[in-house]
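What follows is the residue order along each chain.
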Amino acid sequence: MSEVNIAKRKDKCENCTKQCNKKQSDDGANSNQESEEVNGQVNEGSQLLLSACLSCDGCLSDEDTLKISQQGLEEVERVLALNKKCDASKHKVLVASVCPQSLPFFAVKFGVDITEAAHKLCGFLKHIGVQYVFDTTLAAGFSILESQKEFIQRYRRRHHDSHALPMFTSSCPGWIRYSERVLGSLVTPHICTARSPQQIMGCLVKDYFSKQQKLSPEKLYHVVVAPCFDKKLEAVREEFYNSMLETRDVDCVLTSGQIYYLMEQRKVSVEELDSVPLDQVLGDGGDVALVRHDGRGSEGFLEHVFKHAAKELFGVDVQEITYKTLRNRDFQEVTLERDGETLLQFAAVYGFRNIQTLVHRMRKGRVPYQLVEVLSCPGGCLSGRGQAESEGGAGRLDKALVNQMEEIYSSLPVRLPEFNPALHTLYQEWLEGQDSSQARKLLHTEYRDQSHGHAQPPHMQW
């Protein structure tokens, strides 16, 4: 997201808020007037739709804006340019980590299969000066395993801890930001503490990989390629910054669209790019086949935790998960039953309209679920605005592109993280065991109630 776009969105949000506050103070005579469109969303009467508020990023402080301004192509270009100069003390080793949900975008744009797209993307990144290119599936495996473990712990203490359940997933930064700044203590104690795949990848690169390369973490410049702009906000969270070394776990997040724009800017054609296999965090083990985790277009936290909990808590092996659609395709639930008794009830809630419904039910104490996978983008991560927005912009999804990406993503084979030998190796070599203090420190974080300074407007529609 460019600085200009941030400024425009912030102005819109402030105007929107002022206008809504003005309407709120009126005597209601204008409440039935024609609705006006604000920030691409329709604002009916005196009510500000939650989806309009949350999609504009207008709540960014000046400090946030400054940090986000360092999350663009210009900053990466600056680092690449410094590497070409003679002063080696300022040189950085560039590392790129690619989210698996970004790869279908490049497969469509390049007109090749997803494996070849990954190799072509790797070829481009190395062509411009990136030394190592990983995919974040390994980090997602850590996040899933830690989420599974935490859910079992929460479930077993549910009778004496009112905040244990439901557990909300924590991999979506848009949802996390809203939870901390608006919902506060209603939700934050329920959020899973496992770090997102992006931030675990940051630890892998800046802690484990830097040691393997005998480099200080600040000598690495870590770029993440992601489908979503909100991942930039996650990267600049203060807990992911090492003040002593003055380095972030993730230095810069570029969206899939920004990388493709860079290719166009440099007039690089797909045909002329070399096909280069992705690198492996554990070293050169040859070209490892791409895999994905369960779930449609996301990392599949719901499906993995559901299957694990069914086995661990009730001794039930779940092979296939059947979703029951409730309000729409983005509000679905999964149930485990035995002898007429409901043992587990999980939900997948995508998009802020559905999140509105979820939070409304929670306020009334009517959430029957033990776990909810929450994502701010309708359709999940593949529909991130950093890659799925139509060329006309205006916040509209390119549905044809999304359908193609979903089909390509689903073609990848599924591998359970429990059976990934690299994860078992790293738990021992890097984290000193699965239940160690090191694992807790590097694979988990905490979410705080920050709502006191960001009060929910009284006219907000739920």
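Since the structure is predicted, the reported quantities are computational estimates derived from the model, not experimental observations.

J.: Which residues make up the overall build of the protein, and what values do they have?
T.: The number of helices and strands found in the protein is 16 helices and 15 strands. Counting all 462 residues of the protein, 54% fall into the buried class. Taking contacts inside the protein between residues at least 6 apart in sequence as the whole, the part at least 24 apart equals 73%. Accessible surface for the protein amounts to roughly 21000 Å². Of this, 47% is attributable to carbon and sulfur atoms.

J.: Break down the side chain of Gln-101 for me, with residues and values.
T.: By the element assignment, Gln-101 lies in the loop between strand E4 (93-98) and helix H5 (103-110). A polar contact is formed between the side chain of Gln-101 and the side chain of Tyr-409, at a distance of 3.4 Å.

J.: Which residues make up helix H4 (residues 73-82), and what are the values?
T.: One full turn of an α-helix is made of 3.6 residues, so residues set three or four places apart face in the same direction. Residues Leu-73, Val-76, Val-79 and Leu-80 constitute the buried set of H4. Summarising the axial view, the buried residues of H4 lie within an arc of 125 degrees, below the 170-degree limit, and thus occupy one face. Against E4, helix H6 (114-128), strand E7 (220-226), strand E10 (252-255) and helix H11 (256-265) lie the buried residues of H4.

J.: Go over the packing of aromatic side chains with me, naming the residues and quoting the values.
T.: Inspection of every chain in the model, using the stated rule, returns 15 aromatic pairs. On the numbers, 5.2 Å between centres and 80 degrees between planes, the contact of Phe-134 with Phe-209 is edge-to-face. With Phe-134 in strand E5 (residues 132-135) and Phe-209 in helix H9 (residues 197-212), this residue pair connects regions lying 75 residues apart in the sequence. Here the two residues Phe-134 and Phe-209 agree in accessibility, since each one is buried.

J.: Which residues make up empty space enclosed by the protein, and what are the values?
T.: Taken as a whole and assessed by the stated rule, the structure comprises six cavities of 30 Å³ or more. As a volume, the largest cavity reaches approximately 290 Å³. Residue composition of the lining of the largest cavity, by class: 11 nonpolar, 10 polar and three charged. There are two domains that each give the lining of the largest cavity at least three residues, and those are domain 1 (63-138 + 197-272) and domain 2 (142-195 + 293-443).

J.: So what's going on with the sheet that holds strand E11 (residues 324-328)? Residues and values would help.
T.: Strand order in the open sheet formed by five strands is E6-E14-E13-E12-E11, and the pairing between neighbours is mixed. With partners counted over all chains shown, the strands left at the sheet margins are strand E6 (167-168) and E11, one partner each. By the bridge criterion, two bridges tie E6 to strand E14 (residues 371-375) in an arrangement that is parallel. Counted as the bridge partner of Met-167 is Leu-371 from E14. Against the sheet, helix H12 (residues 301-314) engages strand E12 (331-338), strand E13 (341-350) and E14, with an angle of about 165 degrees to E13.

J.: Explain the packing of helix H8 (residues 173-183) against helix H13 (residues 352-363) to me, using residue names and the numbers behind them.
T.: H13 packs onto H8 with a crossing angle of 40 degrees between their chain directions and a minimal axis gap of 13 Å. On the basis of the axis angle, H8 is oblique to H13. Once H8 is placed against H13, the crossing between them reads as right-handed. Touching Gly-174, Trp-175, Tyr-178 and Leu-183 of H8 are Phe-352, Ile-355, Val-359 and Arg-363, all from H13.

J.: So, the environment of Gly-295: which residues are in play, and what are the values?
T.: Within the element layout of this structure, Gly-295 appears in the loop between H11 and H12. We classify Gly-295 as buried; its relative accessible area is 14%. Along the chain, Gly-295 and Ile-321 lie 26 residues apart, while their C-alpha atoms are 9.8 Å from each other. Beyond its immediate sequence surroundings of up to four residues, Gly-295 is in contact with Gly-300, Glu-303 and Tyr-409.

J.: Describe the pairing of E11, and please don't skip the residues or the numbers.
T.: Direction of pairing for E11 relative to E12: antiparallel, over a ladder of three bridges. Bridged to Thr-325 within E12 is Gln-332. Linkage of E11 to E12, two consecutive antiparallel strands, is achieved through a turn of two residues.

J.: Give a description of the pattern of salt bridges that names residues and reports values.
T.: All chains considered together, the criterion is met by 16 salt bridges. A salt bridge links Asp-249 to Arg-195; the shortest N-O distance between them is 3.5 Å. In this pair, Asp-249 is assigned in the loop between strand E9 (247-248) and E10 and Arg-195 in the loop between H8 and H9, connecting sequence segments 54 residues apart. By relative accessible area, which is 8% here, Arg-195 ends up buried. Residues Lys-231 and Glu-234 are paired through a salt bridge, measuring 3.1 Å at the closest nitrogen-oxygen approach. Here Lys-231 pairs with Glu-234, and both are found in helix H10 (residues 230-235), just three residues apart, close to one helical turn. Comparing Lys-231 with Glu-234, the two get one shared label, buried. Within the structure, one salt-bridge network assembled from shared partners comprises Glu-146, Lys-149 and Asp-435.

J.: Any details on the sheet that holds E5? Residues and values, ideally.
T.: Within the open sheet, the four strands sit side by side as E5-E4-E7-E10. Their pairing is parallel. Both outer strands of the open sheet, E5 and E10, are each paired with one neighbouring strand and no more. Ignoring which end each strand starts from, the neighbouring axes of this sheet average 25 degrees apart. Relative to E10, E7 runs parallel, the two being bridged by four bridges. For Val-224, the partnering residue across the bridge sits in E10 and is Val-253. Its contacts with the sheet put H4 on E4, E7 and E10, and the angle it makes with E7 is roughly 145 degrees.

How each quantity is defined
Residue indices follow the written sequence of each chain, beginning from 1 at its first position. It should be noted that, the model being predicted, local features are given only for residues of pLDDT at least 70 and side-chain atom pairs only at 80 or more, the latter also being counted only at that level, while totals for whole chains, interfaces and linings use all residues. The side-chain numbers reported here are obtained from all heavy atoms of the structure, hydrogens and water having been left aside. Runs of E in the DSSP output that reach at least two residues are strands. Runs of H or I that reach at least four are helices, and both are numbered from the N terminus. Summary of the burial criterion: residues with accessible area below 20% of their type's maximum are buried, those above 50% are exposed, and those between are partly exposed, where the area comes from a 1.4 Å probe applied to protein chains only. Contacts were defined at the residue level, with two residues in contact if any of their heavy atoms lie within 4.5 Å. With residues, only the protein chains shown are counted as cover, and all accessible areas are computed by Shrake-Rupley using a 1.4 Å probe. Between N or O atoms, a polar contact is any pair within 3.5 Å; within protein, one atom must be a potential hydrogen donor and the other a potential acceptor, and residues adjacent in sequence are included only when both atoms are from side chains. The directions considered for the arc are those from the helix axis to the C-beta atoms. To pair, rings of Phe, Tyr and Trp, with the six-membered ring standing in for Trp, must have centres within 6.5 Å; the planes then decide the type, stacked if under 30 degrees apart, edge-to-face if over 60, and tilted in the middle. Here a cavity denotes a set of grid points, spaced 1 Å apart and computed over the protein atoms alone, in which a 1.4 Å probe fits but from which it cannot get out, and a pocket denotes an open set meeting protein on both sides within 12 Å along at least five of seven lines; residues with an atom within 4 Å of a point are reported as lining. Grid points are joined across faces, edges and corners, and a volume is the space filled by probe spheres set on the points. Residues are sorted three ways: Asp, Glu, Lys and Arg are charged, Ala, Val, Leu, Ile, Met, Phe, Trp, Tyr, Cys and Pro are nonpolar, and all the rest, Gly among them, are polar. The source of the domain bounds is an automatic or database domain assignment. DSSP calls a pair of strands paired once it identifies at least 2 bridges connecting them. In this analysis, axes come from line fits to C-alpha atoms, helices being fitted only over the stretch in contact, and the angle between any two N-to-C directions falls in the range 0 to 180 degrees. Our angle categories are set so that under 35 degrees counts as roughly parallel, over 145 as roughly antiparallel, 65 to 115 as roughly perpendicular, and the remainder as oblique. Left-handed describes a crossing in which the near helix is turned anticlockwise from the far one by less than a right angle; the clockwise case is right-handed. Salt bridge, as used here, is a side-chain nitrogen of Lys or Arg placed within 4 Å of a carboxyl oxygen of Asp or Glu.

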